[in-house]
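Below, each chain spelled out in residue letters.
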2 protein chains.
Amino acid sequence: MANDRQYLAKLQDYYARHRVLPSYASIAALVGLSSKASVAEMVMRLKAHGFVESSPDRRLKPGKRFFERPVAESVRAGLPAPASDAAPEAVTIDEHLVPHPSRSVLVTVKGDSMIDAGIHAGDVVVVEKRVAANVGDIVVAIIDNEFTLKRLDREKGHIVLRPENKAYPIIRPKDDTEIFGIVVGLFRKYR
Amino acid sequence: MANDRQYLAKLQDYYARHRVLPSYASIAALVGLSSKASVAEMVMRLKAHGFVESSPDRRLKPGKRFFERPVAESVRAGLPAPASDAAPEAVTIDEHLVPHPSRSVLVTVKGDSMIDAGIHAGDVVVVEKRVAANVGDIVVAIIDNEFTLKRLDREKGHIVLRPENKAYPIIRPKDDTEIFGIVVGLFRKYR
DNA sequence: TACGATACCGAACGATCGTTCGGGAGTCAA
DNA sequence: TTGACTCCCGAACGATCGTTCGGTATCGTA
């Protein structure tokens, strides 16, 4: 049971590389067991805890808790809590950030017009396509055939697009402006 | 080849539900073929285009292009290009952001000491645990039993932790400071 | 010391895997 | 009509799958 933690970690790494879980024989080689039977028992333990499941084809597949990453609170000093049983919180980042995959598009940010909102050039925003947006939403608008990232605001009864950077002017759209979608998430990779 | 597109869509749906690709027999039932041989040929076509691959255990696994999300360039107006053949760039966000799952921890950001680096309170950073860090890295340090997010810098030959917010002082660590890990990614959810 | 529980091994089982091969049905151009 | 090509079927193959079973080593508890 103590070792299971390490076994799981190896499986997670393998899955991260291959996007599939290996066969029992491969698992044995991977984690350092030398019998498929041992693997079967270990897998059963992981199943019992919800880390893995079986697919309809008796294939191993990640379970609910497989993707749970230790979410460290900014208080504790030692290692992050060993995920005793606390709420998983984070499933996959994908699911967390993209609730409606079929309606979503990834857009790489260019320029710094939203830098005061913490959106930098090179960041990637998750845009959910829709025509309606609320005041306060960060929207992707199409102006002169170009995507533009701005915050939607209202001014004297009219819709305006407000950049979050004092160096840029507020855009007061004429008719040729169209809302492409609203920003529902953002991510950034360092290095 | 025309049907392959639909077949792929079904596989993607299946994968979204189960996080595994089915066996050839199951694929046959799933997409409406009645011979594993037909499936094998279809799979070969998808393989050739990079949508699926084979794992070391001859298991089907998603290929590079399997997760293609439309990445819109900031030029085109209409719908994002229908994945003609351009490099998709972004795979899954998870994989993109967390290269080493077992060594990574998610930390929710509190406070605004890094706001000039575009890291706001409430953002979640992906922290890769390691003791060594380079100057310029954003690191998570443990100071007085608390996690702190700062940029690692060098000053007169000494390591210092520099906040990205003029309102905060530079921290010149004594001995009781420990690097917990470095920040490799960040994501944020709106709404 | 004795005991049950736990974690692993090693061999064997039938079931299912993906591959292979010959052939049928359809389309399109010559 | 003919031939080439694509897409699929159906049956058979050995390989590999996950499961099962008895057996061993190491614990903590009594």
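Residues numbered from 1 in each chain as written. Chains lettered and ligands numbered in written order. Predicted model: local features only at pLDDT ≥ 70, side-chain atom pairs only at ≥ 80, totals over all residues. Heavy atoms only, no water.

A. A look at the overall build of chain A. When its secondary structure is counted, chain A shows 4 helices and 9 strands. The helix and strand sequence of chain A, counted from the amino end, reads α-α-α-β-β-β-α-β-β-β-β-β-β. Expressed as a percentage of the 191 residues in chain A, the buried residues total 47%. Long-range contacts, defined here as pairs at least 24 residues apart, represent 46% of the contacts in chain A between residues at least 6 apart. (Helix = DSSP H or I, 4+ residues; strand = E, 2+ residues; numbered from the N terminus. Buried < 20%, exposed > 50% of the residue type's maximum accessible area, 1.4 Å probe, protein only. Contact = heavy atoms within 4.5 Å.)

B. Seen up close, the packing of aromatic side chains. All names here are of chain B. The final tally for this structure, using the stated rule, is 4 aromatic pairs over all chains. Seen from their ring centres, Tyr-15 and Phe-66 are 5.5 Å apart, and the 75° between their planes marks the pair as edge-to-face. Placement of the pair is Tyr-15 in helix H1 (residues 2-18) and Phe-66 in the loop between strand E2 (60-62) and strand E3 (71-72), with a sequence separation of 51 residues. Measuring from ring centre to ring centre gives 4.8 Å for Phe-147 and Phe-180, while their planes differ by 45°; the resulting arrangement is tilted. (Phe/Tyr/Trp six-rings, centres within 6.5 Å; stacked < 30°, edge-to-face > 60°.)

C. Summary view of the pattern of salt bridges. Under the definition given, this model contains 19 salt bridges over all chains. Between A:Asp153 and A:Arg162 there is a salt bridge, and its shortest N-O distance comes to 3.0 Å. On the accessibility criterion, A:Arg162 (27% relative accessible area) is partly exposed. The shortest N-O distance in the salt bridge between B:Arg103 and B:Glu128 comes to 3.6 Å. You can see B:Arg103 sitting in the loop between helix H4 (93-97) and strand E4 (104-108) and its partner B:Glu128 sitting in strand E5 (residues 124-129), a full 25 residues away along the chain. On the accessibility criterion, B:Arg103 (38% relative accessible area) is partly exposed. What emerges from the salt-bridge pattern is a single network uniting A:Arg151, A:Asp153, A:Arg162 and A:Glu164. (Salt bridge = Lys/Arg side-chain N within 4 Å of Asp/Glu carboxyl O.)

D. The arrangement of the confidence of the model for chain A in detail. Averaged over all residues, the pLDDT of chain A is 81; the fraction at 70 or higher stands at 83%. Taken as a whole, residues 74-90 of chain A scores under 50 in pLDDT and shows 27 contacts with residues more than four places along the chain or in a different chain. (pLDDT = per-residue confidence, 0-100.)

E. Structural view of the protein's contact with DNA strand C. Not every one of the 18 residues close to DNA strand C is listed here, only the nearest: A:Tyr7, A:Ser34, A:Ser35, A:Ala37 and B:Lys36. Among the atoms of DNA strand C close to the protein, meaning within 4 Å, 61% are from sugar or phosphate groups. Between DNA strand C and B:Tyr24 there is a distance of 2.7 Å, counted from a phosphate oxygen to a backbone nitrogen or oxygen. The element contributing the most residues to the surface near DNA strand C is helix H3 (residues 36-48) of chain A, with 4 residues. When grouped by side-chain class, the residues that make up the surface near DNA strand C number 7 nonpolar, 5 polar and 6 charged. (Near = heavy atom within 4 Å. Polar contact = N/O pair within 3.5 Å; in protein donor to acceptor, adjacent residues only side chain to side chain. Nonpolar A, V, L, I, M, F, W, Y, C, P; charged D, E, K, R; others polar.)

F. Molecular detail of the packing of helix H2 (residues 24-31) of chain A against H3(A). Residue and element names in this part refer to chain A. Relative to each other, H2 and H3 sit at 90°, their axes nearing to 9 Å. Regarding the angle of H2 to H3, the classification is roughly perpendicular. Where H2 approaches H3, its residues Tyr-24, Ala-25, Ile-27, Ala-28 and Val-31 are matched on the opposing element by Lys-36, Val-39, Ala-40, Met-42 and Val-43. When its residues are assigned to classes, the contact of H2 with H3 shows 9 nonpolar, no polar and 1 charged. (Axes fitted to C-alpha atoms, helices over the stretch in contact; angles between N-to-C directions. Parallel < 35°, antiparallel > 145°, perpendicular 65-115°, else oblique.)

G. Seen up close, the nonpolar core. Within the largest apolar cluster, 35 residues are counted, with the highest numbers of intra-cluster contacts made by A:Ile27, A:Leu46, A:Phe66, B:Ile27, B:Leu46 and B:Phe66. For this core, the elements supplying multiple residues, two or more each, are helix H1 (2-18), H2 and H3 of chain A together with H1, helix H2 (24-31) and helix H3 (36-48) of chain B. If near-sequence neighbours (up to four positions away) are discounted, A:Ile27 is found in contact with A:Leu11, A:Pro22, A:Gly32, A:Val39, A:Met42, A:Val43 and A:Leu60. In this structure, A:Ala117, A:Val127, A:Leu186 and B:Ile138 belong to the second largest nonpolar core, which totals 34 residues. (Core = buried A, V, L, I, M, F, W, Y, C linked by side-chain atoms within 4.5 Å.)

H. Fine view of the pairing of E5(B). Residues and elements named next belong to chain B. The buried fraction of E5 amounts to 5 of the 6 residues, a majority that puts the element mostly inside the structure. In this structure, E4 lies alongside E5, joined through 5 bridges in antiparallel fashion. When the bridges of E5 are listed, Ser-104 appears paired with Glu-128. (Pairing = 2+ DSSP bridges.)

I. Broad picture of the side chain of A:Lys61. Locating A:Lys61 in the fold gives a position in strand E2 (residues 60-62). Excluding residues that lie within four positions of it along the chain, A:Lys61 makes contacts with A:Leu21, A:Val52, A:Glu53, A:Ser54, A:Ser55, B:Arg17, B:His18 and B:Val20.

J. Representation of H2(B). Residue and element names in this part refer to chain B. Within H2 the residues assigned to the buried category are Ile-27, Ala-28 and Val-31. Across the axial projection of H2, the buried residues extend over an arc of 105°, all falling on one side. Count one or two residues on from H2 and you reach Gly-32, which has phi positive near 95°. (Arc of directions from axis to C-beta.)

K. Up close: unusual backbone geometry. Residues and elements named next belong to chain A. Positioned with a positive phi, Lys-156 is a non-glycine residue whose angle comes to about 55°. For Lys-156, the position within the fold is in the loop between strand E7 (146-155) and strand E8 (158-162). On the basis of relative accessible area, Lys-156 is assigned to the exposed category, the value being 80%.

L. Inspection of H3(A) at higher detail. Residues and elements named next belong to chain A. Helix length check: H3, at 13 residues, gives a terminal C-alpha distance of 18 Å against a target of 18 Å (1.5 Å per residue), a fit within 8%. All buried positions along H3 are accounted for by Val-39, Met-42, Val-43 and Leu-46. Buried residues of H3, seen end-on, are gathered within an arc of 100° and therefore sit on one face of the element. Opposite its buried face, H3 presents the exposed residues Met-44 and Ala-48, each directed more than 90 degrees away. Its side-chain oxygen placed 3.1 Å from the backbone nitrogen of Ala-37, Ser-35 serves as the N-cap of H3. Phi turns positive, to about 85°, at Gly-50, one or two residues after H3. (Expected span 1.5 Å × (residues − 1).)

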